[in-house]
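Results of the structural survey
Listed here are the chains, written in short residue letters.
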Amino acid sequence: MKIISIVGARPNFMKIAPFIRAINEHNKTHNNEIEHILIHTGQHYDIRMSKLFFDELQIPYPDINLEVGSGTHAEQVGKTMIKLEQEIHKIKPDMVVVVGDVNAILAGAVTAKKELVPLAHIEAGLRSGDMTMPEEINRLVADRLSDLLFTPDEISNINLLKEGVDESKIKFVGNIMIDTFEHEKEKAFALNHKEIIAKNLMFGKNTELPGKEEFALVTMHRPSNVDTKEILEDIINFFVDEVTQELPIIWPIHPRTINRLKEFGLIDKVKNTNKIFLLHPVGYHEMIKLNSVAKVVMTDSGGLQEESTVLGTPCLTMRWNTERPVTLLKYGGTSSIVGNDIKSIRKNFEEALKTPRTPKRPTLWDGNTAKRIVEEIVDFLKKEQE
Ligand code: UD1
C-alpha cells in the first residue's frame with residue numbers, strides 16, 4: 001500500500017517523525033507492505049525553520065519538495081494544489097495523510113479528495129471556534145473531507161460528533177506530539193540551557209545569563225498578536241517595563257515577528273533592553289530544554305501549550321481562545337488564556353510566578369499514538385482492498 005504524507009511548516013515536522021518511525025517498525029514485521037512518500041510543500045524553507053528539524057529528529061528528507069515558499073494564503077494553497085495534483089497523478093497513492101493545521105493540509109485534503117484518494121487527518125477535531133484564524137479554516141476543511149480522523153483528546157471527539165461526523169471515522173489515538181516528546185526528551189534534558197541561549201543569541205548582551213527557573217520563555221507568531229502595530233507595541237511595552245522587572249525574557253523569535261518588529265520600529269526597544277534575550281528560532285531539543293527550566297511560558301503556539309502541560313510549566317496562552325482546551329488549568333493542564341489584554345496578562349503572570357511546576361498527562365498522551373495510527377490505517381486500507 002502506498003501512502004503519501006504531506007508536511008509544510010515547522011509544527012508538522014515533529015508530528016510526522018513518529019508516524020514515519022511507526023511505518024518503518026510496521027514494515028519490519030509485515031514484509032515492507034507500506035510504501036511511504038513524504039512531500040514537503042516548502043512553506044517553511046529557512047534552515048532553522050525546516051532542515052534543522054529533519055536532521056535532529058532523523059526524519060528522512062522529503063521525497064518531493066513542492067517549493068511553494070512564502071506568500072498569501074491563496075498563493076500558498078493554490079501553488080501547493082497545482083503541484084500536488086501532478087504528484088498524485090504520478091504516484092497514485094492509496095491514501096493521503098495530512099497532519100496538524102497549517103496551509104499544507106488544506107491544499108493536501110482538497111487535492112486528495114478531488115483525485116478520489118482516501119484521506120486521513122492526524123490531529124483531527126481541534127476547534128478554537130475562531131474563524132479569523134487561518135488554521136481553523138484548514139482544520140474544518142480537512143476534517144470534513146477525511147475518511148479517518150485521528151483525534152488527540154476526548155474533547156476533539158465530542159467536537160466532531162457535534163458536527164455530525166460519523167462515529168466510525170473518528171479514531172481516538174492520543175497526541176502524536178507526545179510521541180516525539182517521549183522519544184527525544186532524554187536528549188533534550190541533557191542539554192545545557194545557558195549554552196542554548198549563548199549559541200542562538202541574535203544580538204550580543206553584556207549581562208549574565210539567567211539560571212534555571214529564573215526566566216520567562218516567550219514565543220509569538222500569530223497574525224492577531226504581531227500584525228497590528230498597536231497590539232504588538234502594547235505587548236512589547238509590557239515585556240520591557242514589567243516582565244523584565246521580575247524575570248529576564250528568553251525569546252526565540254519567528255521570522256514573521258522579527259519582520260513586524262522592524263516594520264513597526266520596535267526592534268531597537270527590544271534589542272536595547274538588557275534583560276530581553278532574542279534568539280534565532282531554536283531546534284526541537286533546545287526548545288524542550290528551555291521549557292523544562294523556564295519559570296513561566298508566554299506563547300501563542302499550540303505546540304508549546306502542549307509541551308508545557310507535560311513538562312508542568314505554568315503557561316500563559318496569549319490568545320482569546322484555544323483549540324487545545326485540554327492544556328488549560330480548568331481541564332487539568334497548566335495554561336491560562338490571557339489574550340493580548342495587558343491587564344489579563346499581568347494578573348495571570350503574577351499568578352504563574354507563584355505556581356510550582358506540576359507535570360500533567362491527558363489520556364493517551366503516552367508516546368504510542370503513531371503506532372495506533374498506523375494500525376488503523378492498515379486496517380482501513382485492507383478493508384478498502386477487499
Ligand atoms: C505557519 C502556520 C501556523 C504555525 C506556524 C509555525 C499556516 C496558516 N500557519 O504560520 O499554523 O503555527 O507556521 O511556525 O500555515 N518565513 C521565513 N522563513 C520561513 C518561513 C516563513 O522567513 O522559513 C517568513 C515569511 O516572510 C512569511 C512569514 O514568515 O511571510 C510567515 O510565514 P507563513 O508560512 O506565512 O506563516 P507562519 O506565520 O509561519
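Anyway, here's the lowdown on the structure attached to this text. Residue numbers here run from 1 along each chain, matching the order of that chain's written sequence. Side-chain atom pairs in this predicted model are given and counted only at pLDDT of 80 or more, local residue features only at pLDDT of at least 70, and totals for whole chains, interfaces and linings cover all residues. The basis for every side-chain value is the complete set of heavy atoms in the structure, and neither hydrogens nor water enter the calculation.

1. Regarding the side chain of Ser344
The condition that has to hold: Put simply, DSSP H or I for four residues or longer makes a helix, DSSP E for two residues or longer makes a strand, and each gets a number counted from the N terminus. Only protein chains enter the accessibility calculation, which uses a 1.4 Å probe. A residue is then buried if its area is under 20% of the maximum for its type, exposed if over 50%, and partly exposed in between.
Mapping Ser344 onto the fold places it in helix α15 (residues 342-353). You can call Ser344 buried: its relative accessible area is 19%.

2. Looking at the packing of helix α7 (residues 176-189) against helix α13 (residues 284-293)
Applicable threshold: Axis definition: a line fitted to C-alpha atoms, over the contacting stretch in the case of helices. Angles run 0 to 180 degrees between N-to-C directions. Between 65 and 115 degrees an angle is taken as roughly perpendicular, under 35 as roughly parallel, over 145 as roughly antiparallel, and anywhere else as oblique. Any two residues whose heavy atoms approach within 4.5 Å are treated as being in contact. Each residue is assigned to one of three groups, with Ala, Val, Leu, Ile, Met, Phe, Trp, Tyr, Cys and Pro labelled nonpolar, Asp, Glu, Lys and Arg labelled charged, and all others, Gly among them, labelled polar.
For the pair α7 and α13, the least separation of the axes is 9 Å and the interaxial angle reads 80°. As judged from the angle between their axes, α7 and α13 are roughly perpendicular. Listed contacts from α13 to Met177, Thr180, Phe181, Glu184, Lys187, Ala188 and Phe189 of α7 are Tyr284, His285, Ile288, Lys289 and Ser292. Of the residues that constitute the contact of α7 with α13, the class distribution is six nonpolar, three polar and three charged.

3. Let's talk about the site of the ligand
Note the following rule: Residues are classed as near a molecule or strand on a simple rule: at least one heavy atom within 4 Å of it. Definition of a polar contact: a pair of N or O atoms within 3.5 Å, with one able to donate and the other able to accept a hydrogen when the atoms are protein atoms, and with sequence-neighbouring residues admitted only if both atoms are side-chain atoms. We get accessible surface area from the Shrake-Rupley algorithm with a probe of 1.4 Å; when it comes to residues, only the shown protein chains can shield them.
Lining the immediate environment of the ligand, one finds 21 residues, of which His44, Asn103, Glu135, His254 and Arg256 sit closest. Contact distances for the ligand include 3.0 Å between an oxygen atom and a side-chain N or O atom of Gln43. The separation between an oxygen atom of the ligand and a polar side-chain atom of Glu135 is 2.8 Å. For the ligand, the accessible surface in isolation is 750 Å², of which the surrounding protein chains cover 87%. Those elements that provide at least two residues to the shell around the ligand are α1 (10-29), α3 (73-91), α5 (134-145) and α11 (255-263). Here the shell around the ligand takes three residues from α11, the largest share from any one element.

4. Section: the nonpolar core
So the rule is basically this: Buried Ala, Val, Leu, Ile, Met, Phe, Trp, Tyr and Cys residues form a nonpolar core when they are joined through side-chain atoms within 4.5 Å.
Judged by nonpolar contacts, the single largest core of 43 residues is most densely connected at Phe19, Ile59 and Ile377. Excluding residues within four positions of it along the chain, Ile59 makes contact with Phe13, Ile16, Ala17, Ile20, Leu38, Phe53 and Phe54. If you look at the next biggest cluster of nonpolar residues, it comprises 32 residues, including Met220, Trp251, Ile276 and Ile342.

5. Describing the pattern of salt bridges
Let me state the cut-off plainly: A pairing counts as a salt bridge when a side-chain nitrogen of Lys or Arg comes within 4 Å of a carboxyl oxygen of Asp or Glu.
All told, the structure shown has 29 salt bridges when counted by the stated rule. One salt bridge connects Asp55 with Lys51, and the closest N-O pair in it is separated by 2.8 Å. On the criterion of helical spacing, the pair formed by Asp55 and Lys51 is a turn pair, its members being four residues apart in helix α2 (residues 51-56). For Arg127, the salt bridge identified is with Asp143, shortest N-O distance 2.9 Å. Of the two residues, Arg127 sits in the loop between β5 (119-122) and α5 while Asp143 sits in helix α5, which places them 16 residues apart along the sequence. Neither residue differs from the other here; Arg127 and Asp143 are each classed as buried. Connected via shared salt-bridge partners are Lys15, Asp101, Glu123, Glu136, Arg139, Glu306, Arg319, Glu323 and Arg324.

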